[in-house]
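Okay, here's what each chain looks like letter by letter:
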2 protein chains.
Amino acid sequence: MNVPWEPPAGEIRLVDVLDALADPVRLALVARLASLGSEKCTDINADVNVHKSTMSHHYRVLREAGVTRTVVHGRQRWVRLRHAELDARFPGLLDSVLSAATHPVQPTARHG
Amino acid sequence: MNVPWEPPAGEIRLVDVLDALADPVRLALVARLASLGSEKCTDINADVNVHKSTMSHHYRVLREAGVTRTVVHGRQRWVRLRHAELDARFPGLLDSVLSAATHPVQPTARHG
DNA sequence: GATTTGGTTGGACAGCGATCAAACTAAACA
DNA sequence: TGTTTAGTTTGATCGCTGTCCAACCAAATC
């Protein structure tokens with residue numbers, strides 16, 4: 001039920017957030033969390049072809065950047081986005097990243 | 001008058017853009033370009049306490065990620081944001097990053 | 001208490017990236 | 001043509017980072 005260290009909402013730094021999102025594995029993870037909500041690490045790991053210790057590393061990067069919150073519940077961890085807090089500090093940022101991650105706009109083909 | 005290599009608008013990758021923005025020097029440079037428009041490298045370098053070869057490296061990262069366009073004009077280079085193209089592909093992304101970079105929202109103090 | 005389970009930590013490794021200095025290149029100018 | 005100017009390229013350094021494996025740890029279960 002406790003929460004490992006994370007930055008207070010007012011101290012989340014943009015560069016850290018961008019850096020946390022600038023990795024394919026973490027970006028996919030964030031997109032997944034956005035669509036599925038809170039998830040157990042086990043469930044996430046099951047779908048990712050990466051060692052569990054590597055995933056643990058990514059969880060930490062996201063958490064320490066202020067992107068996610070990890071709640072310890074018994075012997076499992078639940079991870080979810082700090083969506084509202086992030087949006088309060090950097091309005092529109094997370095949403096535009098998520099929309100970019102899931103629906104990048106393709107250029108319309110030119111005929112002629 | 002020629003333009004060094006840059007990705008076509010439709011092939012700009014989100015991870016590359018985020019990675020390009022996830023550096024203090026480049027983020028500041030992008031914010032500066034957003035407020036001042038196109039600039040010569042010399043002018044930019046003058047205000048940044050970083051070696052010119054380092055700046056050249058940053059210009060390349062931004063350009064190859066699709067964030068900026070560099071136009072060679074005689075013996076000087078003009079750098080500017082590919083604002084419209086970026087916004088067409090990842091709507092709202094650049095603007096939210098710029099607004100986050102220049103006006104991060106501070107939490108309101110609680111009097112209690 | 002011993003074992004299983006879910007996840008972290010530490011070590012090792014390879015690769016990358018930010019930085020500076022020095023050498024280089026191409027354009028402009030004297 | 002030689003020199004200055006604007007910026008790139010190359011080389012070196014050094015710290016960071018993504019990855020795996022092995023060891024560890026705490027909670028839950030037997």
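The shown structure was predicted, so the numbers you read here are calculated from the model rather than taken from an experiment. (Residues numbered from 1 in each chain as written. Chains lettered and ligands numbered in written order. Predicted model: local features only at pLDDT ≥ 70, side-chain atom pairs only at ≥ 80, totals over all residues. Heavy atoms only, no water.)

Caption draft 1: View of the relation of the copies chain A and chain B. Expressed as a screw transformation, the operator carrying chain A onto chain B has a rotation angle of 180° and an axial translation of 0.0 Å, and the superposed copies differ by an RMSD of 0.0 Å. The two molecules are tied by a two-fold rotation axis, judged by turn and shift. Identified as the residue of chain A closest to the rotation axis by C-alpha distance is L18 of chain A, at 2.9 Å. When the interface residues of chain A are mapped onto chain B, 100% of them are again interface residues, pointing to one common binding face. (Least-squares fit on C-alpha atoms with pLDDT ≥ 70 in both. Contact = heavy atoms within 4.5 Å.)

Caption draft 2: Expanded view of helix 6 (residues 93–102) of chain A. For helix 6 of chain A, the set of buried residues is L93, L94, S96, V97, L98 and A100 of chain A. Next to the buried residues of helix 6 of chain A lie helix 1 (14–21), helix 2 (24–36), strand 3 (76–81) and helix 5 (83–89) of chain A together with helix 1 (14–21) and helix 6 (93–102) of chain B. (Buried < 20%, exposed > 50% of the residue type's maximum accessible area, 1.4 Å probe, protein only. Helix = DSSP H or I, 4+ residues; strand = E, 2+ residues; numbered from the N terminus.)

Caption draft 3: Expanded view of the UniProt feature "domain: HTH arsR-type" (unreviewed entry) in chain A. UniProt's entry tags residues 6–101 of chain A with the feature "domain: HTH arsR-type" (unreviewed entry), counted in the numbering of this structure. Here residues 6–101 of chain A is 59% helix and 15% strand, with 24 Å between the C-alpha atoms at its ends. (UniProt positions renumbered as here; feature names shortened; annotations may be inferred.)

Caption draft 4: Structural view of the protein's contact with DNA strand D. Taken together, the neighbourhood of DNA strand D is formed by 19 residues, with S53, H57 and H58 of chain A together with T42 and S56 of chain B sitting nearest. Put simply, 61% of the atoms of DNA strand D that lie within 4 Å of the protein are in sugar or phosphate. At 3.0 Å from a phosphate oxygen of DNA strand D is found a side-chain nitrogen or oxygen belonging to T54 of chain A. Residue R75 of chain B places a side-chain N or O atom 3.1 Å away from a sugar or linking oxygen belonging to DNA strand D. Residue assignment for the surface near DNA strand D shows that the elements contributing at least two residues are helix 4 (52–65) of chain A together with helix 3 (41–46), helix 4 (52–65) and strand 3 (76–81) of chain B. Considering only residue class, the surface near DNA strand D consists of three nonpolar, ten polar and six charged. (Near = heavy atom within 4 Å. Polar contact = N/O pair within 3.5 Å; in protein donor to acceptor, adjacent residues only side chain to side chain. Nonpolar A, V, L, I, M, F, W, Y, C, P; charged D, E, K, R; others polar.)

Caption draft 5: Representation of the sheet that holds strand 1 (residues 39–40) of chain B in the model. All names here are of chain B. Taken in spatial order, the three strands line up as 1-3-2 in an open sheet, and their pairing is antiparallel. Of all strands in the sheet, those with a lone pairing partner are strand 1 and strand 2 (68–73), marking the two edges. Packing of helix 2 (residues 24–36) onto the sheet brings it into contact with strand 1, strand 2 and strand 3, and relative to strand 3 it is tilted by some 85°. (Pairing = 2+ DSSP bridges. Axes fitted to C-alpha atoms, helices over the stretch in contact; angles between N-to-C directions.)

Caption draft 6: Structural detail: the interface of chain A and chain B. Listed by partner, the interface residues are 24 residues for chain A and 24 residues for chain B. Both sides of the chain A and chain B interface together cover about 1,900 Å² of buried area, and 71% of this is carbon and sulfur. Three residues, L18, R89 and V105 of chain A, lead the burial of chain A against chain B; their summed loss comes to 25% of the area buried on that side. The tally of links between chain A and chain B comes to zero salt bridges. Viewed at the interface, chain B and chain A are joined by three residue pairs in polar contact (both at pLDDT 80 or more). Of all the secondary structure elements, the ones that give two or more residues to the side of chain A that touches chain B are helix 1, helix 2, helix 5 and helix 6 of chain A. Tallied by class, residues from the side of chain A that touches chain B come to 17 nonpolar, four polar and three charged. (Buried area = accessible area lost by both parts, 1.4 Å probe. Salt bridge = Lys/Arg side-chain N within 4 Å of Asp/Glu carboxyl O.)

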